[in-house]
Amino acid sequence: MLKIDIITVFPEILESPFSHSIIHRALEKKLTEIRIYNLRDFTSDRYKSVDDYPYGGGAGMVMKIEPVYKALKSISNGVNVNEVIYTTPDGEPFTQPIANYLSTCQHIIILCGHYKGIDQRIRDHAITREISIGDYVLSGGELAAAVITDAVVRLIPGVLGDETSALTDTFQDGLLAPPVYTRPANFNGWKVPDILLSGDQSGIDQWRMEQSMEKTKKLRPDLWKKMEDHEDRE
Ligand code: ADE
């Protein structure tokens, strides 16, 4: 079972994302375990300080080594941790293949970045993976940790009702998902494409594939090019 431990200075931010819907059900069914740790609980000074001024001067505060080191040591407690992830805008861009990989792990730790960043020595010696959820700057790494956790937990077998549905997600095959429709078939003249009402399953599959390809070409030419380059290599 995948255990996800999240270290943060704002544990409250992480309460809601895991208390509803699919992730909540996964926790109830014990298909995963998510624990939130307050970094301040690992401080040893009177002020519970987790940050300090940067050497060399400059704006902003830097997350200190000691509390983070203590938290990591206490959480891993000698057992094998697959990945120690640090959420940061200068990390590797988060993608579906990374989510797929993380969903196969046994134990991951996510350290939420804050302030101007963390003392580089923690990044050099204790972090195994640095992840960004996009090219923009959030006020902290908590929302990024929630995004990563959500994307990973829904992939754990048994979490989604229909076992196959994660396989047809956008990105899972490098393409955007095709459009979907439900009743009524005609809403004030807005009609569902005829093919979906035809009962011709292979025609429907083909239509969906074509729609996926058209959508990807139009909206995400970068993804389309990656697919073409990949096919050229095979
Ligand atoms: N912390 C602040 N911005 C972030 C981002 N884009 N991704 C991950 N962590 C962050």
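Let me begin by describing the structure that accompanies this report.

Cut-offs applied
Residues numbered from 1 in each chain as written. Predicted model: local features only at pLDDT ≥ 70, side-chain atom pairs only at ≥ 80, totals over all residues. Heavy atoms only, no water. Near = heavy atom within 4 Å. Polar contact = N/O pair within 3.5 Å; in protein donor to acceptor, adjacent residues only side chain to side chain. Areas by Shrake-Rupley, 256 points an atom, 1.4 Å probe, with all protein chains shown as cover. Helix = DSSP H or I, 4+ residues; strand = E, 2+ residues; numbered from the N terminus. Nonpolar A, V, L, I, M, F, W, Y, C, P; charged D, E, K, R; others polar. Buried < 20%, exposed > 50% of the residue type's maximum accessible area, 1.4 Å probe, protein only. Arc of directions from axis to C-beta. Contact = heavy atoms within 4.5 Å. Core = buried A, V, L, I, M, F, W, Y, C linked by side-chain atoms within 4.5 Å. Salt bridge = Lys/Arg side-chain N within 4 Å of Asp/Glu carboxyl O.

Looking now at the site of the ligand. With respect to spatial proximity, the complete set of residues near the ligand consists of Thr87, Thr88, Pro89, Ile131, Ser132, Ile133, Gly134, Tyr136, Val137, Leu138, Gly140 and Ala144. In the model, a nitrogen atom of the ligand is placed 3.2 Å from a nitrogen or oxygen of the Thr88 main chain. Contact between the ligand and Leu138: a nitrogen atom at 3.0 Å from a main-chain N or O atom of the residue. Out of a free accessible area of 260 Å², the ligand has 97% covered by protein chains. Those elements giving two or more residues to the shell around the ligand turn out to be β5 (83-93) and β7 (129-132). Counting residues per element, the shell around the ligand draws most heavily on β5, at 3 residues. Here the residues of the shell around the ligand are counted per class, giving 7 nonpolar, 5 polar and no charged.

Listed in full, the buried residues belonging to helix α3 (residues 96-103) are Gln96, Ile98, Ala99, Leu102 and Ser103. The buried residues of α3 occupy one face: seen down the axis, they fall within an arc of 160°. Lining the buried residues of α3 we find β1 (2-8), β5, β6 (107-112), β7 and α5 (142-153).

On the secondary structure map, Ser103 appears in helix α3. Here Asn100 takes part through its backbone oxygen, which lies 2.8 Å from a polar atom of the side chain of Ser103. The contact partners of Ser103, leaving out residues within four places of it in the chain, are Leu2, Val152, Leu155 and Ile156.

A few words now on the nonpolar core. Ile4, Ile6, Phe94, Leu102 and Val153 are the most contacted members of the largest nonpolar core, which totals 29 residues. Looking at this core, the elements that each hand over two or more residues are β1, α1 (21-28), α3, β6 and α5. In terms of residue count, the dominant contributor to this core is α5 (6 residues). Look past the residues within four positions of Ile6 in its chain and what remains in contact with it is Leu14, Phe18, Ile34, Arg35, Ile36, Tyr37, Ile110, Cys112, Ala145 and Thr149.

Further remarks concern the environment of Ala144. Inspection of the secondary structure assignment puts Ala144 in helix α5. Residue class for Ala144 comes out buried when judged on its relative accessible area of 5%.

This next bit is on the environment of Met227. Within the secondary structure, Met227 is located in helix α7 (residues 221-233). Classification of Met227 by relative accessible area gives buried; the value is 19%. Along the chain, Met227 and Asp200 lie 27 residues apart, while their C-alpha atoms are 28 Å from each other. Dropping the residues within four chain positions of it, Met227 is found in contact with Asp173, Gly174 and Leu175.

Turning our attention to the pattern of salt bridges. Inspection of the entire model under this criterion finds 11 salt bridges. Residue Asp119 pairs with Arg121 through a salt bridge whose shortest N-O separation is 2.7 Å. Exposure remark for Asp119: the relative accessible area of 17% places this residue in the buried category. Owing to a relative accessible area of 46%, Arg121 belongs among the partly exposed residues under this scheme. Where salt bridges share partners, they join Glu83, Glu92 and Arg129 into one cluster.

Considering the arrangement of structural elements, one finds Asp169 in the loop between α5 and β8 (186-187). Side-chain polar atoms of Asp169 contact the side chain of Arg154, separated by 2.7 Å. Residues contacting Asp169, with those up to four places away along its chain left out, are Arg154, Leu175 and Ala177.

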